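The primary structure of each chain is shown beneath.
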Number of protein chains: 2
Amino acid sequence: MRMVYVVGIGAGNPEHITVEAVRRISEVDVFLFIDKGEQTRDLAQARREIIRRYAGHREYRVVERQEVSRDRRPSDYEATIRAWHAQRADLYEELLVAEVAHDQCAGILAWGDPTLYDNTTSVLEEVNRRGNVPFRFEVVPGVSSVAALTAAFRTTVNRVGQPVQVTTGRRLLADGFPEKVDDVVVMLDSSSAFTQVDPAAEIFWGAYVGTPDEILIKGRVGDVAQQIVDAREEARDQKGWIMDLYLLRR
Amino acid sequence: MRMVYVVGIGAGNPEHITVEAVRRISEVDVFLFIDKGEQTRDLAQARREIIRRYAGHREYRVVERQEVSRDRRPSDYEATIRAWHAQRADLYEELLVAEVAHDQCAGILAWGDPTLYDNTTSVLEEVNRRGNVPFRFEVVPGVSSVAALTAAFRTTVNRVGQPVQVTTGRRLLADGFPEKVDDVVVMLDSSSAFTQVDPAAEIFWGAYVGTPDEILIKGRVGDVAQQIVDAREEARDQKGWIMDLYLLRR
C-alpha cells in the first residue's frame with residue numbers, strides 16, 4: 001500500500017533535521033510539494049537543498065502543485081479555514097492518485113514540527129477518512145520553531161513548574177495575555193500583536209531562526225516593540241516573506 | 001574558554017537526534033552526567049549508547065555525579081525548587097572547575113528538548129552569573145517529548161488557529177482545565193491528574209514514547225482513565241521508573 005511520510009525538517013537550520021528524518025527522506029520515491037509561489041522561493045529552495053543533501057543517489061521525483069488560494073483576512077475565519085482544509089484534502093488526494101503508485105512511498109516535508117501549527121496531518125486524516133485512495137501514513141517529529149527560538153536565546157520556554165501557552169497573533173489580540181500563564185509563545189502573528197501587550201513584559205523575538213538570515217531581538221516590550229516592527233518590515237521588504245515568532249514573558 | 005553544549009537528544013528514540021546534536025556530541029571532550037540513581041539506569045544506559053554511537057573514535061571522558069536529592073512532596077514547592085536549583089548550580093560549577101580544562105568542550109545531554117521542562121539552561125545561566133568559572137554555552141534544540149507524543153498518535157498538538165497550553169500535573173490539579181484553551185499537554189504528572197478532568201475530554205497518553213517499550217492509549221477520559229492508571233502502575237513496577245505525558249482535548 002502507498003506510504004506517506006510527513007517529515008518534520010526543523011525550522012530552517014538544515015542541521016536541525018533528525019536522523020530518522022534523514023532515513024525517511026532516503027526512502028521516498030515521490031516528494032509532494034505545495035508551492036506557495038514567488039514569495040517563498042527561498043523556502044522551496046531550502047527544501048530542495050535538504051532533499052539533495054539527504055535523499056542520496058537513488059531515483060526520486062519531486063512533484064509540485066500550486067497552493068490553494070484563500071482569503072487572508074476573511075470575515076468568517078473558521079469557515080474559510082474549513083473550506084481551505086477541504087481543498088487541500090482534494091489536492092493531496094489528487095496527488096496521491098496521479099503521482100504515487102500503490103507500492104511507492106511519498107514524502108511531505110513540513111517546516112518545524114508537523115504537529116505544531118501545520119495542517120498536513122489533519123488533511124491526510126481527512127483524505128484517509130474519505131477512503132478514495134488507500135494509503136498509510138506516519139509522522140516524523142521535528143525540531144519546532146519554538147525550540148529553535150528558545151535555544152537561540154539560551155532560555156527556556158517555561159519557567160520551573162509553570163505552564164506555557166502557545167497561541168496565535170490573532171488570539172493574543174482578541175483575548176490578551178492568558179490568565180494564570182506568564183509565558184506565552186506567539187506564532188502566525190501578521191498584525192504585530194505584541195505591540196498591544198503590557199510594555200513591562202519581556203519579549204524574545206526571532207525571525208528566520210537558525211538560518212544565516214536569523215534576527216534576534218529581546219528586551220522589555222516597551223523598549224523594543226518598535227525596533228521589532230521595523231525589523232519585520234525591513235526583512236519582509238528585502239526577502240518578500242518572513243517566518244518569525246516570539247516568546248512573551250510576564 | 002570552556003565551551004558547554006546543552007544538547008537535546010530527543011525523548012527516547014535514538015533516531016530523534018538531530019544532525020547538529022550528532023556533530024556537537026562528536027566535539028565533546030567531557031560529558032557531564034547527573035546520575036539519578038538505580039531507578040533510571042535504563043536512561044543512563046540509553047544516554048551512553050547515544051554517546052557510543054555518535055561520539056566517534058576520539059578520546060572523551062564521561063563524568064558522573066550523584067543527583068542532588070530533594071523533597072518530592074514538599075510543603076513549600078517554590079522554595080524547595082529554588083534551593084534545589086542553587087545546589088545544582090553548585091554541582092555544575094564544581095564539575096566545570098574539576099573536570100573541564102579551560103580549552104575543553106563539555107557536553108550535557110538533555111532528554112527531549114532542553115528548553116521545555118528541563119532546568120539545565122537556567123542552572124548554567126546561574127553559574128555564569130556567579131562568575132566563578134568562565135565558560136560559554138550553547139543550546140542545541142531537540143525533538144520534544146510533546147512532538148514525539150503527537151507524532152506517535154499522528155495528531156497535532158493544536159487545532160487550526162487554536163491555542164495550546166503545556167502544563168504540569170500539579171497545575172492541572174490545582175487550576176483545572178484552563179479557560180479558552182481546549183488542548184492541554186500535561187507533563188510531570190505523578191498524581192494522575194487526568195482522572196480529575198471532564199470525562200468527556202479526549203486523552204492521548206504515551207509512556208516511553210519512541211522506544212521499544214512505548215505504550216500508547218487514547219480515548220475518552222471516562223473510558224480509558226482507569227486503563228491508563230493501571231498501565232502506569234504496571235510499567236513503573238516493571239521498569240522502576242516511568243516517563244510519560246499526555247494531550248487532553250476538550
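Residues numbered from 1 in each chain as written. Chains lettered and ligands numbered in written order. Predicted model: local features only at pLDDT ≥ 70, side-chain atom pairs only at ≥ 80, totals over all residues. Heavy atoms only, no water.

Participant: In this structure, what is going on with the overall build of chain A? I would like to understand it.
Facilitator: Of regular secondary structure, chain A possesses seven helices and 10 strands. A compact globule built from 250 residues would reach a C-alpha radius of gyration of about 18 Å, and chain A, at 19 Å, matches this within 12%. C-alpha extents for chain A along the principal axes are approximately 55 × 40 × 40 Å. With 250 residues in all, chain A has 57% of them scored as buried. Summarising the internal contacts of chain A: among those between residues at least 6 apart in sequence, 72% fall at separations of at least 24. Total accessible area computed for chain A in this model is approximately 10,900 Å², and 46% of it derives from carbon and sulfur atoms. The averaged location of the 39 negative side-chain charges in chain A is 2 Å from the averaged location of its 32 positive side-chain charges. (Helix = DSSP H or I, 4+ residues; strand = E, 2+ residues; numbered from the N terminus. Rg over C-alpha atoms; globule rule 2.2 N^0.38 Å. Buried < 20%, exposed > 50% of the residue type's maximum accessible area, 1.4 Å probe, protein only. Contact = heavy atoms within 4.5 Å. Areas by Shrake-Rupley, 256 points an atom, 1.4 Å probe, with all protein chains shown as cover. Lys, Arg positive; Asp, Glu negative; His and termini not counted. Charge placed at Lys NZ, Arg CZ, Asp CG, Glu CD.)

Participant: Where do I start with the interface of chain A and chain B in this structure?
Facilitator: By a widely used convention, the size of an interface equals the accessible area lost when the partners come together. Contact with chain A, which involves 49 residues of that partner, is made by 49 residues of chain B. Of the roughly 4,100 Å² buried where chain A meets chain B, counting both sides, 55% is carbon and sulfur surface. A per-residue breakdown of the area chain A buries against chain B is headed by Glu15(A), Thr115(A) and Arg154(A), which together make up 17% of the total. On the surface where chain A and chain B come into contact, there are six salt bridges. Residue Glu15(B) pairs with Arg23(A) through a salt bridge whose shortest N-O separation is 2.6 Å. Counting across the chain A and chain B interface gives 22 residue pairs in polar contact (both at pLDDT 80 or more). When residues of the side of chain A that touches chain B are traced back to their parent elements, those giving at least two are helix H1 (19-25), helix H3 (77-99), helix H4 (120-130), strand E5 (135-140), helix H5 (145-152), strand E6 (164-168) and helix H6 (169-175) of chain A. Considering every element that reaches the side of chain A that touches chain B, the biggest residue donor is E6(A), with five residues. Classifying every residue of the side of chain A that touches chain B gives 22 nonpolar, 15 polar and 12 charged. With three bridges joining them, E6(A) and strand E6 (residues 164-168) of chain B adopt antiparallel strand pairing. For Val166(A), the partnering residue across the bridge sits in E6(B) and is Val164(B). (Buried area = accessible area lost by both parts, 1.4 Å probe. Salt bridge = Lys/Arg side-chain N within 4 Å of Asp/Glu carboxyl O. Polar contact = N/O pair within 3.5 Å; in protein donor to acceptor, adjacent residues only side chain to side chain. Nonpolar A, V, L, I, M, F, W, Y, C, P; charged D, E, K, R; others polar. Pairing = 2+ DSSP bridges.)

Participant: It is not clear to me how the relation of the copies chain A and chain B should be interpreted in this structure. Could you clarify?
Facilitator: Superposition of the two copies of the chain requires a rotation about an axis and a shift along the axis. In the superposition of chain A on chain B (RMSD 0.0 Å, axial shift 0.0 Å), the rotation amounts to 180 degrees. Look at the turn and shift together and you get a two-fold axis relating the two. Of all interface residues in chain A, 100% are interface residues in chain B too; the two copies therefore contact each other through one and the same surface. (Least-squares fit on C-alpha atoms with pLDDT ≥ 70 in both.)

Participant: Looking at this structure, how should I read the sheet that holds strand E3 (residues 61-66) of chain A?
Facilitator: Hydrogen bonding along the main chain pairs the strands of a sheet, whether they run parallel or antiparallel. All names here are of chain A. Ordered by their spatial adjacency, five strands build an open sheet running E3-E2-E4-E1-E5, and the pairing between neighbours is parallel. Sheet topology places E3 and E5 at the edges, where each strand pairs with a single neighbour. The mean angle between the axes of side-by-side strands here comes to 25 degrees, regardless of whether they run parallel or antiparallel. Where strand E2 (residues 30-35) lies against E3, six bridges are found, and the strand directions are parallel. In the sheet register, Val-30 faces E3, and the bridge partner there is Arg-61. The strands touched by helix H2 (residues 41-54) are E2, E3 and strand E4 (105-110); relative to E2, the strand with the most contacts, the crossing angle is about 170 degrees. Relative to the sheet, H3 contacts strand E1 (2-8), E2, E3, E4 and E5, its axis offset from that of E3 by approximately 145 degrees. (Axes fitted to C-alpha atoms, helices over the stretch in contact; angles between N-to-C directions.)

Participant: Explain empty space enclosed by the protein to me, please; I cannot follow it from the model alone.
Facilitator: Empty pockets left among the atoms are what a rolling probe the size of a water molecule brings to light. In total, this model carries one cavity of 30 Å³ or more according to the counting rule given. Roughly 240 Å³ of volume is contained in the largest cavity. Those elements giving two or more residues to the lining of the largest cavity turn out to be H5 and E6 of chain A together with helix H5 (145-152) and E6 of chain B. For the lining of the largest cavity, the residue count by class is 13 nonpolar, six polar and two charged. (1 Å grid on protein atoms, 1.4 Å probe; cavity = no way out; pocket = protein on both sides within 12 Å on 5 of 7 lines; lining within 4 Å. Points joined across faces, edges and corners; volume = space filled by probe spheres on them.)

Participant: How should I be thinking about the sheet that holds strand E1 (residues 2-8) of chain B in this particular structure?
Facilitator: Residue and element names in this part refer to chain B. In space, the five strands of this open sheet follow the order E3-E2-E4-E1-E5, with parallel pairing throughout. Both outer strands of the open sheet, strand E3 (61-66) and strand E5 (135-140), are each paired with one neighbouring strand and no more. The sheet shows a mean angle of 25 degrees between the axes of neighbouring strands, direction not considered. Note that E1 and strand E4 (residues 105-110) share six bridges and pair parallel. Each residue of the ladder has a partner; that of Val-6, found in E4, is Ile-108. The strands that helix H2 (residues 41-54) touches are strand E2 (30-35), E3 and E4; relative to E2, the one it contacts most, it runs at about 170 degrees.

Participant: Would you take a moment to explain unusual backbone geometry for this structure?
Facilitator: Excluding glycine, residues mostly have negative phi values, and the peptide bonds linking residues are mostly trans. The phi torsion at Tyr208(A) lies on the positive side, around 50 degrees, for a residue other than glycine. By the element assignment, Tyr208(A) lies in the loop between strand E8 (202-207) and strand E9 (215-220). Even without being a glycine, Arg154(B) presents a positive backbone phi close to 50 degrees. Tracing the backbone shows Arg154(B) in the loop between H5 and E6.

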